[in-house]
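So you can see what is in the structure, the chains are spelled out below.
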Amino acid sequence: MLRALLIDDEPLIVENLSAIIPWQQHQFELVGSAQNGLIALDMVKEYSPDLILCDIRMPKMDGLTFLQKLNELEIESSVIMLTGFAEFEYARKALQFGAKDLLLKPINYNELNKVIAETGNRIREIKEEHTQKEKQFKYMQGMIYEKIMTDILFEDTSSRLRPEYSHIDVNWEESSYFFLLADQERFVLNEEHWGEKERQKQMDVRRVLQQVLPGHHPDYSVVQTREGEWCILVRCSDQSSEFKMDEALEMARQCIECVAQETGLSIRVGYYPDYVPVGELGQVYKGLQREIQLSHEQIQIVSFSTEYEKEVATLSFWELIEEIIVSLKRCDSKKVAQAHTMLVREFKSVSSAKLEKILHFLVLHLLRELKEMKRIDQAEERIVWTCLESPSSVKELITMLNRMINVATKMKVSHKSNQTLMDAAKDYIAKNASSDLSVEEVASYLGLSSSHFCVLFKQHFNETFVEHLTSIRIEWAKSMLLNTGQSISTISKTVGYLDRRYFNKVFAKWVGVTPNEYRLKIEAQK
């Protein structure tokens, strides 16, 4: 329901406007009336009316002065001026000061009724447009924040320093996080178990996890780092946050219970028993991965053990398996072979009892990464799962790990194929730059995982997807500013930014001046 306010010093006119106009029919609530602009300003501050019917000639403060004061308040109200004076100067000034319409007294109530109906419809359209823009802006903010958090978890700290991300209002250096890692139990991805229904369940798990924490912890996000794995992060600006550490166990229980009830899936949850500085999130993430996979299968909630992590962290094969994964993404078979050889040597320094669990984790970890890269087929995947789900000796697990690395290396995508994929990506981005384009959409179009696409794109073009997309949009905007007389808002929407404020910030960061300043500068040079 919209709000309306009447301003007139003639009681009879106020009475007629209140009674004759079908306010309810036009979906307006009449919040009151004022005898002059001075009283009306106080009512505007209190009620923020959407529509104001205002006389011009009034004591203490006339309608034109009221309009000027209203503009200073920056309250978005549509004003229809009513006056018995038909002089052009009044009309010109009223429209100059922001009036939407001007009607002469004596009032033609049929005409006024029509104007109110049209104005109400226009107000609702503008509000709906603002609502949609705000939703999109918040969605974009959320996507960017999640992208930054994902990069941080994978220990890429450069993301949060990019100029196009500077509007994210987070003091990264002073932030710390409470961190939980949810992992899907028996994460089977073969043909029989992994269809559209299961993919939907993955999305449902993320939705459920986003709803677990009570509303009094608003700075709360869930990042899906890979299929079957979700990081739950609660940000606090200092260690005196209201979030108490004794809530950790209960929150983990709620995650497990809610996911089981809502999706039918079983998860295990690991948590770090203290706040984690932003710079240490990547290390804790890897540590929790190991804690969950190396703990007993019957344990659903795992607490990060600092002493245990120190012990396993001294074993260099954690870094070696990561080096193998990164080298596979970069199609660097030489580095894969070198790291593989060193990895096998490292196994000899670990006792058989401890090595069996570690190998089980490494095989599972590598399998999930190869699935993300699309570097293992279904037949090979079944062989891996047969090994994982049956009692396997250390020798058998090492053999399986060697097999997976060798198969993934042989499946290396050729440079020509990579070039073809990236040419297709560039073409797709260019054609769809004006839409709400995401990494996931382009990766899906190419048939790649998002992480693999990002690595290939950065390798080929020496810039990230977001940097490339932003560059296209800004160059397009600069051309429109130079060659057309279209408004900044129109240009913003045309190049893919529905929110003009966000467009202005990105443009200013990228070019060094606002769009309007850029246009004025170009025009001055002509």
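Described in the following lines is the structure provided in the data block. The structure displayed is predicted, hence computed values, not measured ones.

The strands making up a sheet are joined through hydrogen bonds of the backbone, oriented either antiparallel or parallel. An order of 2-1-3-4-5 is seen for the five strands of this open sheet, with the pairing classed as parallel. Since the sheet does not close on itself, it has two edges, and those belong to strand 2 (28–34) and strand 5 (101–104), each with one partner. Sheet twist, expressed as the average angle between the axes of neighbouring strands with direction ignored, equals 20°. Strands in contact with helix 1 (residues 11–20) are strand 1 (2–7), strand 2, strand 3 (51–55) and strand 4 (78–83); relative to strand 1, the strand with the most contacts, it is inclined by about 155°.

Time to look at the pairing of strand 4. Burial within strand 4 is extensive, with six of its six residues counted as buried. Where burial is concerned, the two faces of strand 4 agree: the one with Ser78, Ile80 and Leu82 and the one with Val79, Met81 and Thr83 are both buried. Alignment of strand 3 against strand 4, held across five bridges, turns out to be parallel. The residue bridging Asp55 from the neighbouring strand is Leu82, located in strand 4.

A pair of packed helices is captured by two measures, namely the crossing angle of their axes and the spacing between those axes. Interaxial distance between helix 10 (residues 317–329) and helix 12 (residues 352–373) falls to 11 Å at its minimum, and their mutual angle equals 15°. Put simply, helix 10 runs roughly parallel to helix 12. The interaxial crossing formed by helix 10 with helix 12 has right-handed handedness. Here Phe317, Trp318, Ile321, Glu322, Ile325, Leu328 and Lys329 of helix 10 lie close against helix 12, whose contacting residues are Ile358, Phe361, Leu362, His365, Leu366, Glu369, Leu370 and Met373. Here the contact of helix 10 with helix 12 is built from residues that sort into 11 nonpolar, one polar and three charged.

Per the stated rule, a full pass over the model turns up eight salt bridges. A salt bridge links Lys493 to Glu129; its shortest N-O distance comes to 2.9 Å. Here Lys493, found in helix 19 (residues 488–494), pairs with Glu129, found in helix 5 (residues 109–153); they are 364 residues apart in sequence, far enough to count as distant. Judged by its relative accessible area of 33%, Glu129 is partly exposed. One salt bridge in this structure joins Arg253 and Glu250, with 3.9 Å as the shortest N-O distance. Here Arg253 pairs with Glu250, and both are found in helix 7 (residues 248–263), just three residues apart, close to one helical turn. Its relative accessible area of 44% is what places Arg253 among the partly exposed residues.

The rules behind these values
- Residues numbered from 1 in each chain as written.
- Predicted model: local features only at pLDDT ≥ 70, side-chain atom pairs only at ≥ 80, totals over all residues.
- Heavy atoms only, no water.
- Pairing = 2+ DSSP bridges.
- Helix = DSSP H or I, 4+ residues; strand = E, 2+ residues; numbered from the N terminus.
- Axes fitted to C-alpha atoms, helices over the stretch in contact; angles between N-to-C directions.
- Contact = heavy atoms within 4.5 Å.
- Buried < 20%, exposed > 50% of the residue type's maximum accessible area, 1.4 Å probe, protein only.
- Parallel < 35°, antiparallel > 145°, perpendicular 65-115°, else oblique.
- Left-handed = near helix turned anticlockwise from the far one by under 90°.
- Nonpolar A, V, L, I, M, F, W, Y, C, P; charged D, E, K, R; others polar.
- Salt bridge = Lys/Arg side-chain N within 4 Å of Asp/Glu carboxyl O.

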